[in-house]
Amino acid sequence: MITASAVTSSVATRKHAPPPSVRLGALALACIAVALATLGVGAVRVEQPRAIEALFGHGTIDQVRIIRDYELPRILMAFLVGTGLAVSGTVCQSVLRNPLAAPDILGVVKGAALGVVFLLLVYPTAAVSYLPLAAFVGGLFAWAVVYLCAYRRGVTTPARLVLVGVAVTALCESIIRYVLIDQSQGIGTALVWLTGSLAATDMSRVWETSLWVAVIVPLVVACASRLDVIGLGDDLAHGLGVAVERTRWFTLLLAVLLASACVAVAGSMLFVGLIAPHIARRFVGSRHAVLLPAAAAVGTLMLLVADGVGRGADPPVELPAGMVTVAIGVPYFVYVLSRPL
Amino acid sequence: MRLSASDLALSYGDLAVAESLSIEVPDGQISAVIGPNGSGKSTLLRALSRLLKPTGGEVILDGKTISAYSTREVARRLAILPQMPLTPESITVEELVAYGRFARRRLIGAMQDDDRRAIEWALEVTATTELRDRSVEQLSGGQRQRAWIALVLAQGTDLVLLDEPTTFLDIAFQLEVLELLRRLNEREGKTIVMVLHDVNAACEYSHHLFALREGKLIAQGHPRDVLTAELIRDVFGIDAHIVAHPSSGAPMCVPIAPANGGAVDSPPIARLTV
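Attention here is on the structure that accompanies the text.

## A closer look at the overall build of chain B
- Of the regular secondary structure elements, chain B holds nine helices and 12 strands.
- Relative to the 2.2 N^0.38 estimate, which gives 19 Å for 274 residues, the radius of gyration of chain B is 19 Å and therefore close to what a compact globule would have.
- Here chain B holds 274 residues, and 51% of them are scored as buried.
- Long-range contacts, defined here as pairs at least 24 residues apart, represent 66% of the contacts in chain B between residues at least 6 apart.
- As presented, chain B carries roughly 12,100 Å² of accessible surface, and 50% of it is formed by carbon and sulfur atoms.
- The centroid of the 28 positive side-chain charges in chain B is displaced by 6 Å from the centroid of its 35 negative side-chain charges.

So, in structure tokens, the structure goes:
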């Protein structure tokens, strides 16, 4: 006779700790709490509980406008981009079986930057609204180059994908630098944008991005048990019934689409995709059915905190969230890693 | 006979491992594949389990060429434990064993009763039930190997292939794993094919030996019938006494050091880098 708790099982070595579902719930609540807490923080401060009231349309016209048109899109975008980058990073780490993997290692992020730089080079007067499209195309193109170069005799291997990815990333980087030196005018805008910030967000961007996240994240979750099994190595995964190569390219393509969509709207928040999965793994273990949502929650929290601190630290000056993510993320990450499991 | 191979040509890239290899795996028995390093033992096992596509010939599983099955269908008929699988970070024994149900489970949805039963049975028969909540990373070598075997048993196939299941284990753990395989064969009727380096263990625990050298089948049959000093010389290039195991009577090979103390006159072997 098996009890339900024995079947859902506990996180390794923590027999009496709360089950993963409880931990997931706690992470989700934390996201909502932080989102509400950072509401109203910024150049024009709206005190709580006014800020929450304004969200529901109560208060002065100015307050409602600041909260609804300016702050709400940013917070929603933090949810979308945090989820997207963290899920994308989790897939990369699992499929490539490399704890240092993240979308940037596959050339996606630098490819996106190169796409933007090229657009501004060819059409210096291009509207800012075309930048995401250029970033998206650049990221996908870089990934296509990486996959095709790593492909040999019907298969890729994680090591080849990572090596080619690093090479393509370096190539994109050097082209960007060359262009920068050659004609720095105008490209600066692109680079500032690419440091990573949620500042330029509005509701239409939120809808666009939410479409990507809403389609791709469920597809990734549907692959959760395949991702679990791939962690046992290609041969054993194959023996257990997973078509490894097909799963690899499909899930990596999803990861790349997701990362490109996020980088396109929020710039390169490099760190989120790399460390959110690690922190999540410490919380809930490595089964993807719980790891993916946990990573999404951790990524969201990171961006909410980073954006909130960026807005509130030194108003009216705003620090880009990408910078704050690193400043806060690194010490916390080192702390998490230094603790025993 | 459920699993056989006819006229297999096997290669890794440009390196040919076998040109025309045919074997028939006897049902309900334990078969052991022996041979020197690079003789194609593991390669043969990988071809038998569709991990490696032969460049010629075919593997027949249940009357059909194995390439005609989907990956999932193969996994429902045959389980393979490769050498040195990877251990994912922070995963419990029970979670690991549950992965064995992948091919049987629907794409989305909770575990069914037969999944739970298969997992419980696999834990029980490998004596890992008490370890179910332990992290795989914390297990000793023998415990870990039992957990891996539980994983492939949870697949619920009658055909189980294992690539060097005793490598890196001390003799006590080796014995434990081999006894487990014998019990699975005797009580559960599993057909087992294992690659073994240890010729004596192969003779003690198998009903059928396949002796390979350079991708060719040199001899096959019951250990008592095929293990001779000539075979050891042919296959490994060394001289050996063949004696009977003091208690079981199975043949054992006791190598004789070459008189000159120098290099063994070993057959040329294609070294593999895979």
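## Topic: the sheet that holds strand β7 (residues 159-163) of chain B
All names here are of chain B.
- Overall, mixed pairing links the six strands, which are arranged β6-β7-β8-β3-β9-β10 in an open sheet. The open sheet has two edge strands, β6 (78-81) and β10 (216-221), and neither has a second partner. Within this sheet the neighbouring strands show an average axis-to-axis angle of 15°, counted without direction.
- Across four bridges, β6 lies against β7 in parallel orientation. Along β7, the bridge assignment pairs Ala79 with Val160.
- Of the strands in this sheet, β3 (30-34), β6, β7, β8 (191-195) and β9 (208-213) touch helix α1 (residues 41-48), which is tilted by about 150° from β7.
- Its contacts with the sheet place helix α6 (residues 171-188) against β3, β7 and β8, and it is angled at close to 155° to β8.

## As for the packing of aromatic side chains
- Counting across every chain of the model gives four aromatic pairs over all chains.
- Where Phe136 of chain A meets Trp212 of chain A, the ring centres are 4.8 Å apart and the plane angle is 45°; that geometry is what we call tilted. One end of the pair, Phe136 of chain A, is in helix α6 (residues 131-150); the other, Trp212 of chain A, is in helix α9 (residues 203-222), and 76 residues separate them in sequence.
- Under the relative-accessibility criterion, Phe136 of chain A is labelled buried at 14%.
- For Trp212 of chain A, a relative accessible area of 34% puts it in the partly exposed group.
- Consider the rings of Trp249 of chain A and Phe250 of chain A, whose centres lie 6.3 Å apart with planes at 85°: the pair is edge-to-face.
- When its relative accessible area of 38% is taken as the criterion, Trp249 of chain A is described as partly exposed.
- Grouping aromatic residues by their ring pairs yields a cluster made of Trp143, Tyr147 and Tyr151 of chain A.
- Looking at Lys64 of chain B, its charged tip hangs above the ring of Tyr69 of chain B, at a distance of 4.6 Å from the centre.

## A short note on the side chain of Thr169 of chain A
- Structurally, Thr169 of chain A can be placed in helix α7 (residues 158-182).
- On the accessibility criterion, Thr169 of chain A (17% relative accessible area) is buried.

## Side note on the nonpolar core
- Grouped together as the largest cluster of nonpolar side chains are 87 residues, with contacts concentrated most on Leu106 and Trp143 of chain A.
- Leu106 of chain A has contacts with Cys92, Leu96, Ala142, Trp143, Val146, Leu161, Gly165, Leu252 and Val256 of chain A, leaving out every residue within four places of it along the chain.
- Of all hydrophobic cores here, the second largest spans 62 residues; its members include Ile30, Leu139, Leu180 and Val199 of chain B.

## A few points about the sheet that holds strand β2 (residues 15-25) of chain B
Residue and element names in this part refer to chain B.
- The four strands lie next to each other as β2-β1-β4-β5, forming an open sheet whose pairing is antiparallel. Bordering the open sheet on either side are β2 and β5 (64-65), each of which pairs with just one other strand.
- Sheet topology places strand β1 (residues 3-12) next to β2; seven bridges connect them, and they run antiparallel. The residue bridging Tyr12 from the neighbouring strand is Leu15, located in β2.
- The sheet strands contacting α1 are β1, β2 and β4 (56-61), and the helix crosses β1 at an angle near 120°.

## Some words on the interface of chain B and chain A
- Taken together, the contact between chain B and chain A spans 38 residues of the former and 32 residues of the latter.
- Around 3,000 Å² of area is buried between chain B and chain A when both sides are counted, 62% of it from carbon and sulfur atoms.
- Summed over the shared surface of chain B and chain A, the result is one salt bridge.
- Measuring nitrogen to oxygen at the nearest pair gives 2.9 Å for the salt bridge that ties Asp235 of chain A to Arg46 of chain B.
- Taken together, chain B and chain A are joined by three residue pairs in polar contact (both at pLDDT 80 or more).
- If you list the elements that add at least two residues to the side of chain B that touches chain A, you get α2 (71-77), β6, α3 (93-98), α4 (113-125) and α5 (141-154) of chain B.
- Of the residues assigned to the side of chain B that touches chain A, the class counts are 19 nonpolar, eight polar and 11 charged.

## Brief notes about the pairing of β7 of chain B
Residue and element names in this part refer to chain B.
- Within β7, five of the five residues are buried, which leaves it mostly tucked inside the rest of the structure.
- Here β7 shows no split at all, with Leu159, Leu161 and Asp163 on one side and Val160 and Leu162 on the other all buried.
- Here β7 runs beside β8; their pairing, made up of five bridges, is parallel. Bridge pairing in β8 places Leu159 opposite Thr191.
- In the classification by handedness, the crossover that spans β7, the intervening α6 and the parallel β8 is right-handed.

Rules of the game
- Residues numbered from 1 in each chain as written.
- Chains lettered and ligands numbered in written order.
- Predicted model: local features only at pLDDT ≥ 70, side-chain atom pairs only at ≥ 80, totals over all residues.
- Heavy atoms only, no water.
- Helix = DSSP H or I, 4+ residues; strand = E, 2+ residues; numbered from the N terminus.
- Rg over C-alpha atoms; globule rule 2.2 N^0.38 Å.
- Buried < 20%, exposed > 50% of the residue type's maximum accessible area, 1.4 Å probe, protein only.
- Contact = heavy atoms within 4.5 Å.
- Areas by Shrake-Rupley, 256 points an atom, 1.4 Å probe, with all protein chains shown as cover.
- Lys, Arg positive; Asp, Glu negative; His and termini not counted.
- Charge placed at Lys NZ, Arg CZ, Asp CG, Glu CD.
- Pairing = 2+ DSSP bridges.
- Axes fitted to C-alpha atoms, helices over the stretch in contact; angles between N-to-C directions.
- Phe/Tyr/Trp six-rings, centres within 6.5 Å; stacked < 30°, edge-to-face > 60°.
- Lys NZ or Arg CZ within 6 Å of the ring centre and 35° of its normal.
- Core = buried A, V, L, I, M, F, W, Y, C linked by side-chain atoms within 4.5 Å.
- Buried area = accessible area lost by both parts, 1.4 Å probe.
- Salt bridge = Lys/Arg side-chain N within 4 Å of Asp/Glu carboxyl O.
- Polar contact = N/O pair within 3.5 Å; in protein donor to acceptor, adjacent residues only side chain to side chain.
- Nonpolar A, V, L, I, M, F, W, Y, C, P; charged D, E, K, R; others polar.
- Right-handed = clockwise from strand over helix to strand, strands pointing away.

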